[in-house]
Amino acid sequence: MASPQAAGRHPGWPARLGPLRVPAGVVELRGPRLFDGGAWSRVRLRDQAHLEKWEPTAPGDWAERNATIAWPGQWSTLRALARRGMSLPFVITVDGRFAGQVTVGNVIRGSLCSAWVGYWVAADLAGGGVATAATALVVDHCLGVAGLHRIEATVRPENAASLRVLGKLGFREEGLFRRYLDVAGDWRDHLCLALTTEDIPAGLVPGLLACGKASLP
């Protein structure tokens, strides 16, 4: 399912992941590109109400942070972190259309071999299996080709949709981080969920295929 495009210093990057067919369409993951700015901005501006309440507080208003002109800086930062082995950023496409992002961050090697995963998906595709498929592809890639041992996700207890995604994939709840992150203008509690290689020796994608939640195109 994963095909690294180059053998480099940092395993697992760059890469293209998928495809997987889910009810919303065919899901694939690839690295972010400079020309994604227009599509990224259109989706982000349209879906402000869907996204803003779950995302970290940042300077400027939503329109400024998500204008097309803001994308080159974000793209440059994502690419720099990936080249330094600190992150694995991906764009989600559905039937070839920009549909969101999934990012693996704070990659730590050595005796920890851990990272976190975060994602967002366009509102019109919510409930169509996109986030589940994208997260499964990324986790399998990270715990396989990328050589990590543990992937964690932190989610506000109120974010039922995201908790359903992680629950379907078998992430276990490990605790509650009090006032962990500044989200939507206040310090919010977050649940910590995680998986390790021992939890899913066969991978997540085979499980989705076996239970009929995804198929190969």
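The structure presented is a predicted model; accordingly, all values stated were derived computationally and were not measured.

(A) The overall build of the chain, seen in detail. Secondary structure assignment for the chain yields 7 helices and 9 strands. For 217 residues, the compact-globule estimate of 2.2 N^0.38 gives 17 Å, and the chain sits close to it at 16 Å. With the principal axes as the frame, the chain shows a C-alpha extent of 45 × 40 × 35 Å. Burial statistics for the chain: of 217 residues in total, 44% are counted as buried. The contacts in the chain between residues at least 6 apart in sequence include a share of 61% that link residues at least 24 apart. Distance from the positive charge centre (24 side chains) to the negative charge centre (19 side chains) of the chain: 5 Å.

(B) Region of the structure containing unusual backbone geometry. The peptide bond linking Trp13 to Pro14 adopts the cis configuration, its omega dihedral lying at -5°. Turning to its location among the elements, Pro14 is positioned in the loop between strand 1 (2-4) and strand 2 (15-22). The amide bond that connects Gly18 to the next residue, Pro19, takes the cis arrangement and shows omega of 5°. Mapping Pro19 onto the fold places it in strand 2. Non-glycine residue Asn106 carries a positive phi angle of around 50°. Its identity as a non-glycine residue notwithstanding, Cys113 has a phi of 50°, on the positive side. Relative to the assigned elements, Cys113 resides in the loop between strand 5 (97-108) and strand 6 (114-121). Its relative accessible area of 18% is what places Cys113 among the buried residues.

(C) Expanded view of the nonpolar core. Counting residues in each nonpolar core, the largest one holds 58 residues, and the members touching the most others are Leu29, Phe90, Ile92, Val138, Ile151 and Phe171. The greatest single-element share of this core, amounting to 10 residues, is contributed by helix 5 (residues 130-143). Apart from residues no more than four positions distant in its own chain, Ile151 is found in contact with Ala115, Val117, Val139, Cys142, Leu143, Phe171, Leu193, Ala194 and Leu195.

(D) Here's a closer look at the environment of Thr154. Relative to the helices and strands, Thr154 is located in strand 7 (residues 150-155). Accessibility expressed as a relative area gives 29% for Thr154, which makes it partly exposed. The sequence separation of Thr154 and Gly207 amounts to 53 residues, and the corresponding C-alpha distance is 23 Å. If we skip the residues at most four places from it in the chain, Thr154 touches Phe177, Tyr180, His190, Leu191 and Cys192.

(E) Representation of the side chain of His190. Tracing the backbone shows His190 in strand 9 (residues 186-196). What makes His190 buried here is its relative accessible area of 4%. Only 3.1 Å separates the side chain of His190 from the backbone oxygen of Arg188, close enough to count as a polar contact. Setting aside its immediate chain neighbours within four residues, His190 contacts Thr154, Val155, Arg156, Pro157, Gly175, Leu176, Phe177, Tyr180, Leu181 and Val183.

(F) Quick peek at the packing of aromatic side chains. Overall, the coordinates contain 4 aromatic pairs when judged by the stated rule. Both rings, one in Trp40 and one in Trp71, keep their centres 5.1 Å apart while their planes meet at 40°; by these two values the pair is tilted. With a gap of 31 residues between them, Trp40 in helix 1 (residues 37-46) and Trp71 in helix 4 (residues 71-83) connect regions that are remote in the sequence. Taking relative accessible area as the criterion, Trp71 reaches 0% and is therefore assigned buried. Judged by centre distance (4.9 Å) and plane angle (45°), the rings of Phe177 and Tyr180 are tilted. In this structure Phe177 comes out as partly exposed when scored by relative accessible area, which is 29%. By relative accessible area, Tyr180 is classed as partly exposed at 37%. Sitting over the ring of Trp120, Arg44 keeps its end group 4.9 Å from the ring centre.

(G) Layout of the side chain of Thr135. Within the secondary structure, Thr135 sits in helix 5. With a relative accessible area of 0%, Thr135 lands in the buried category. Not counting chain neighbours up to four residues away, the residues in contact with Thr135 comprise Tyr119, Val165, Leu169 and Phe171.

Cut-offs applied
- Residues numbered from 1 in each chain as written.
- Predicted model: local features only at pLDDT ≥ 70, side-chain atom pairs only at ≥ 80, totals over all residues.
- Heavy atoms only, no water.
- Helix = DSSP H or I, 4+ residues; strand = E, 2+ residues; numbered from the N terminus.
- Rg over C-alpha atoms; globule rule 2.2 N^0.38 Å.
- Buried < 20%, exposed > 50% of the residue type's maximum accessible area, 1.4 Å probe, protein only.
- Contact = heavy atoms within 4.5 Å.
- Lys, Arg positive; Asp, Glu negative; His and termini not counted.
- Charge placed at Lys NZ, Arg CZ, Asp CG, Glu CD.
- Core = buried A, V, L, I, M, F, W, Y, C linked by side-chain atoms within 4.5 Å.
- Polar contact = N/O pair within 3.5 Å; in protein donor to acceptor, adjacent residues only side chain to side chain.
- Phe/Tyr/Trp six-rings, centres within 6.5 Å; stacked < 30°, edge-to-face > 60°.
- Lys NZ or Arg CZ within 6 Å of the ring centre and 35° of its normal.

No statement about biological role is implied by the geometric values presented.
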